[in-house]
Amino acid sequence: MSSLTIYMEGGGKGNSAKASLRQGMDMFLYPIKEAIRSKSWRWKLVPNGSRNEAFSSFKQAVLNDVTTIIILIVDAEDPVKTSACEHLKLRDGWDFGFTKDDNVHLMIQTMETWLVADTEALSNYYGQNFKQSVLPSANTLETIPKAEISQGLKRATKATQKGEYHKIRHASELLKRIDSSKVRQRCPSCDRLFNTVFQAIKKV
């Protein structure tokens, strides 16, 4: 049976946090999951903690399984001026000679950029005193520095009842709520992820 396996960074070292992130990302990627299930394929999403652990698990899986579509998703961390593989080779020293660029994807420059792309979902989650106006309003968010995204989220949420944005406490719940179609509109790399996987599914 064919399958799609996604290895991603995030979730920290604890099993509980990884399980929480898996649930959130599973909801965010639901259109992909639905396409997979429509073909009776297996679906597997694996949070690996650190980016190095994610890369290591991804590489091992690719080298040992030639029948499966295997994807890596990590933060870019820095501005991206090249392909995903070349960016990570230059930044992290990772060699992707064992795979192709279509299997490597970036949450540019950080996963929180995806969250900021759907301000309506953020507002509904944080409720009263959420300050949407301090978040970046650009149609395309991928040029916004990581620090600006982070500071914007903190300022927007600081006075809310849920408190200032916290990756472990809030990210998974937000991933369940944000609309992937809105994120794809404002984050071309996210759109690339969805389109690439949809095309790969069609080819098999």
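Quick caveat, the model's predicted, so the values are computed rather than measured.

The topology assignment puts Ser2 in the segment before strand 1 (3-8). For Ser2, a relative accessible area of 22% gives the class partly exposed. For the pair Ser2 and Phe28, spaced 26 residues apart in the sequence, the C-alpha separation amounts to 22 Å. Ser2 has contacts with Trp41, Arg42 and Val204, leaving out every residue within four places of it along the chain.

This brings us to the packing of aromatic side chains. For any pair of aromatic rings, the description consists of the separation of the ring centres together with the inter-plane angle of the planes. Inspection of the entire model under this criterion finds 11 aromatic pairs. Ring centres of Phe55 and Phe96 lie 5.3 Å apart, and the angle between their planes is 75°; this geometry places the pair in the edge-to-face category. Of this pair, Phe55 sits in helix 3 (residues 51-64) while Phe96 is found in the loop between helix 4 (84-92) and strand 4 (104-107), placing the two residues 41 residues apart along the sequence. Of the two residues examined, Phe55 and Phe96, each falls in the buried class. Considering the side-chain rings of Phe58 and Phe98, the 5.8 Å spacing of their centres and the 55° angle between planes classify their relative orientation as tilted. Residue Phe58 is located in helix 3, and its partner Phe98 is located in the loop between helix 4 and strand 4; the two are separated by 40 residues in the primary sequence. Like Phe98, Phe58 is buried. Three or more aromatic residues joined by ring pairs form one cluster here, namely Phe55, Phe58, Trp94, Phe96 and Phe98. The cationic tip of Lys162 hangs over the ring face of Tyr125; the distance from NZ or CZ to the ring centre is 4.5 Å.

Those residues of helix 6 (residues 119-126) lying buried are Thr119, Ala121, Leu122, Tyr125 and Tyr126. When helix 6 is viewed along its axis, its buried side chains cluster within an angular range of 160° and face the same direction. Close packing links the buried residues of helix 6 with helix 5 (111-116), helix 7 (146-157), helix 8 (167-177) and helix 9 (180-186). In the stretch just after helix 6, Gly127 is the one whose phi turns positive, near 75°.

Where helix 6 meets helix 8, the axes come as close as 10 Å, and the angle between the chain directions of the two elements is 125°. Relative to helix 8, the element helix 6 lies oblique. The element helix 6 and its partner helix 8 pack so that their crossing is right-handed. On helix 8, the residues touching Ala121, Leu122, Tyr125 and Tyr126 of helix 6 are Arg169, His170, Glu173, Leu174 and Arg177.

Now for the pattern of salt bridges. Summed over all chains, the structure comprises 14 salt bridges. The salt bridge partner of Glu77 is Lys146, with a shortest N-O separation of 2.5 Å. In this pair, Glu77 is assigned in the loop between strand 3 (69-75) and helix 4 and Lys146 in helix 7, connecting sequence segments 69 residues apart. Between Glu173 and Arg177 there is a salt bridge, and its shortest N-O distance comes to 2.9 Å. Taken together, the positions of Glu173 and Arg177, both in helix 8 and four residues apart, correspond to about one turn of that helix. A residue is classified by how much of its surface remains accessible, and Glu173, at 26% relative accessible area, is partly exposed. The exposure class assigned to Arg177 is partly exposed, which follows from its relative accessible area of 43%. Through salt bridges with shared partners, one network takes in Glu9, Arg51, Glu77, Asp78, Arg91, Asp92 and Lys146.

Reading the values: rules and limits
Residue positions within a chain follow its written sequence, with the count starting from 1. Thresholds applied to this predicted model are a pLDDT of at least 70 for local features of residues and 80 or more for the giving and counting of side-chain atom pairs; totals over whole chains, interfaces and linings are not thresholded and use all residues. With hydrogens and water excluded, all non-hydrogen atoms of the structure serve as input to the side-chain values. We count a stretch as a helix when DSSP gives it H or I for four or more residues in a row; a strand needs E for two or more, and each element gets its number in order from the N terminus. Think of it in three bands: with a 1.4 Å probe and only protein chains considered, a residue is buried below 20% of the maximum accessible area for its type, exposed above 50%, and partly exposed in between. The contact definition used throughout considers only heavy atoms, calling two residues in contact when any of these lie within 4.5 Å. Stacked, tilted and edge-to-face are the three classes assigned to paired rings of Phe, Tyr and Trp, where Trp is represented by its six-membered ring and a pair needs centres within 6.5 Å; plane angles under 30 degrees give stacked, over 60 edge-to-face, the rest tilted. Our definition puts a charge over a ring when NZ of Lys or CZ of Arg is within 6 Å of the ring centre and also within 35 degrees of the ring normal. Working definition: the arc comes from the directions between the helix axis and the C-beta atoms, pointing outward to the latter. A fitted line through C-alpha atoms represents every axis, and for helices the fit uses only the stretch in contact; the resulting angles, taken between N-to-C directions, go from 0 to 180 degrees. Angles are sorted into four bins: roughly parallel if under 35 degrees, roughly antiparallel if over 145, roughly perpendicular if 65 to 115, and oblique for all others. Handedness of a crossing follows from how the near helix is turned relative to the far one, being left-handed for an anticlockwise turn of less than a right angle and right-handed for a clockwise one. The working definition used for a salt bridge is a side-chain nitrogen of Lys or Arg within 4 Å of a carboxyl oxygen of Asp or Glu.

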